[in-house]
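# Summary of structural features
Take a look at the letters that make up each chain.
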Amino acid sequence: MQSIVSYKERGIGGNNLYRGNCSPRLIEDLIDFYKVKNISDYMCGSGTTKDVADRKNIKANVYDLNQGFDLLNMDVPERNEFIFWHPPYHNMIRYADNMYAASEIEKKYGICANEVDLSQCRSWEDFIKKLNACMIKQFASLETGGHMAVLMGDLKKQGKLYSMLLEIAKPGIIENIVIKVQHNCMSNKNQYANENFIRIQHEYVLLLKKAEDLIYPVQFAVNRIADIRNLESVTWKDVIADIIEKAGGKIELHNIYQQVSGYKKAEKNNHVKEKVRQTLYAYRKIFFFENGLWYLS
Ligand SMILES: C[S@@+](CC[C@H](N)C(=O)[O-])C[C@H]1O[C@@H](n2cnc3c(N)ncnc32)[C@H](O)[C@@H]1O
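First, a word on what this report is: a plain description of the structure on this page. Just so it is clear, the model here is predicted, and its values are computed rather than measured.

Rules and cut-offs
- Residues numbered from 1 in each chain as written.
- Predicted model: local features only at pLDDT ≥ 70, side-chain atom pairs only at ≥ 80, totals over all residues.
- Heavy atoms only, no water.
- Patch = residues over 30% accessible without salt bridge, like charges linked within 9 Å, V, L, I, M, F, W, Y side chains within 5 Å.
- Areas by Shrake-Rupley, 256 points an atom, 1.4 Å probe, with all protein chains shown as cover.
- Salt bridge = Lys/Arg side-chain N within 4 Å of Asp/Glu carboxyl O.
- Helix = DSSP H or I, 4+ residues; strand = E, 2+ residues; numbered from the N terminus.
- 1 Å grid on protein atoms, 1.4 Å probe; cavity = no way out; pocket = protein on both sides within 12 Å on 5 of 7 lines; lining within 4 Å.
- Points joined across faces, edges and corners; volume = space filled by probe spheres on them.
- Nonpolar A, V, L, I, M, F, W, Y, C, P; charged D, E, K, R; others polar.
- Near = heavy atom within 4 Å.
- Polar contact = N/O pair within 3.5 Å; in protein donor to acceptor, adjacent residues only side chain to side chain.
- Sits in = over half its atoms within 2 Å of the grid points.
- Contact = heavy atoms within 4.5 Å.
- Phe/Tyr/Trp six-rings, centres within 6.5 Å; stacked < 30°, edge-to-face > 60°.
- Buried < 20%, exposed > 50% of the residue type's maximum accessible area, 1.4 Å probe, protein only.

Here we take up a nonpolar patch on the surface. On the surface, a nonpolar cluster with roughly 240 Å² of combined accessible area is contributed by Ile136, Val218 and Phe220. With respect to the helices and strands, Val218 occurs in strand S11 (residues 218–219).

Below is the structure:
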């Protein structure tokens, strides 16, 4: 196995009509690489993992919401050597009431599938929160020395990238990130009148190892809002340029003073007004003065 995998032929196992199914060949490669004897999959979908494990003559524990298992609220029954996890890609493909009837799941198992289906979270933030709860629960079920492979993808909506890889919690040792080239993806067939974006042609496999018991590192993504006027490493040129842009491209000098006062950038300087004027005159390619106003070139 190498850091880029590409399976033009899907391989045998699972059901290629189950939306979002994955290539059995990826699971074969992971089993071979890690010399896996026991594999678990708690979102097994059409059963690709079980079919591969049967062929390889190893034990598989497979579950899914479509068979009455809810990873969000139920315990992971096993102590695991290896977990393959292929969660929904946010709401790209809806599962309950699309691939199977939620009413059937409720009747048979008493689970309200539409509420716990990871493909129906209220928002991206809600999805990441639940994804991370599932991640930590599964990782904790690994025996020391155990591994987890997570297949996931990115979404692009209205010019913004929503990356599962960037935001998913990463417990333990991050051993590798494998790029998986996507073939026969439904969205690849869509034609757009104005194709001014980069098409996503890959997924990722995140490979994690639980090297220690009880106490291990977890990498979390944190989204913060920054006001550059409070950031020490930002230069005065960029603070002033942003202030002028925000003011619509022109501004009076005293308004620039007002816009910086009270912020960390100004607090650190005993001669703020002088600094502002010095910066405006030092960057003549960027700022110019006309009729009592400062402009951006
Ligand atoms: C991307 S699919 C997995 C496809 C699978 N690898 C295959 O080859 O068929 C994601 C699966 O997650 C399941 N799922 C969504 N929310 C779940 C939950 N809370 N607990 C367990 N399974 C869930 C869906 O039913 C769906 O089958």
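Once the structure has been displayed, the description carries forward.
Attention shifts here to the layout of surface pockets. Space left empty within the atom packing is revealed by a probe, the size of a water molecule, rolled over the atoms. Approximately 1000 Å³ is the volume attributed to the largest pocket. For the largest pocket, the lining is made up of 48 residues, of which Tyr18, Arg19, Gly20, Asn21 and Cys22 are closest to its centre. Of all the elements in the fold, those that place two or more residues in the lining of the largest pocket are helix H2 (48–56) and strand S9 (173–181). Here the lining of the largest pocket is built from residues that sort into 26 nonpolar, 13 polar and nine charged.

As a matter of local geometry, the ligand sits amid 23 residues, with Tyr18, Ser46, Thr48, Asp64 and Tyr100 nearest to it. At 2.9 Å, a backbone N or O of Cys22 approaches an oxygen atom of the ligand. Computed on the free molecule, the ligand has an accessible area of 610 Å², of which 99% lies beneath the protein chains in the complex. At a threshold of 2 Å from the grid points, most atoms of the ligand map onto the largest pocket. Grouping the constituent residues of the shell around the ligand by class yields 14 nonpolar, six polar and three charged.

Let us look at the side chain of Ser119. When you line up the elements, Ser119 lands in the loop between helix H4 (113–116) and helix H5 (124–140). At 3.0 Å, the side chain of Ser119 forms a polar contact with the backbone nitrogen of Tyr95. In this structure the side chain of Ser119 is engaged in a polar contact, spanning 2.8 Å, whose partner is the side chain of Asp117. Other than its neighbours up to four places away in sequence, Ser119 contacts Pro88, His90, Asn91, Ile93, Arg94 and Tyr95.

A few words now on the packing of aromatic side chains. Evaluated as defined, the whole model comprises twelve aromatic pairs. On the basis of an interplanar angle of 45 degrees and a centroid distance of 5.5 Å, the ring pair of Tyr34 and Phe82 is categorised as tilted. Separated by 48 residues along the polypeptide, Tyr34 in helix H1 (residues 24–34) and Phe82 in strand S4 (residues 80–85) bring together distant segments of the chain. Like Tyr34, the residue Phe82 is buried in the burial classification. Ring centres of Tyr42 and Phe69 lie 5.8 Å apart, and the angle between their planes is 40 degrees; this geometry places the pair in the tilted category. Here Phe69 lies in the loop between strand S3 (59–62) and S4 and Tyr42 lies in the loop between strand S2 (38–41) and H2, a separation of 27 residues in the sequence. The exposure classification of Tyr42 matches that of Phe69, with both residues buried.

A few words now on the side chain of His90. Its place among the elements puts His90 in the loop between S4 and helix H3 (102–109). When neighbours within four sequence positions are excluded, His90 is seen to be in contact with Leu118, Ser119, Cys121, Ser123, Trp124, Phe127, Leu155 and Lys157.

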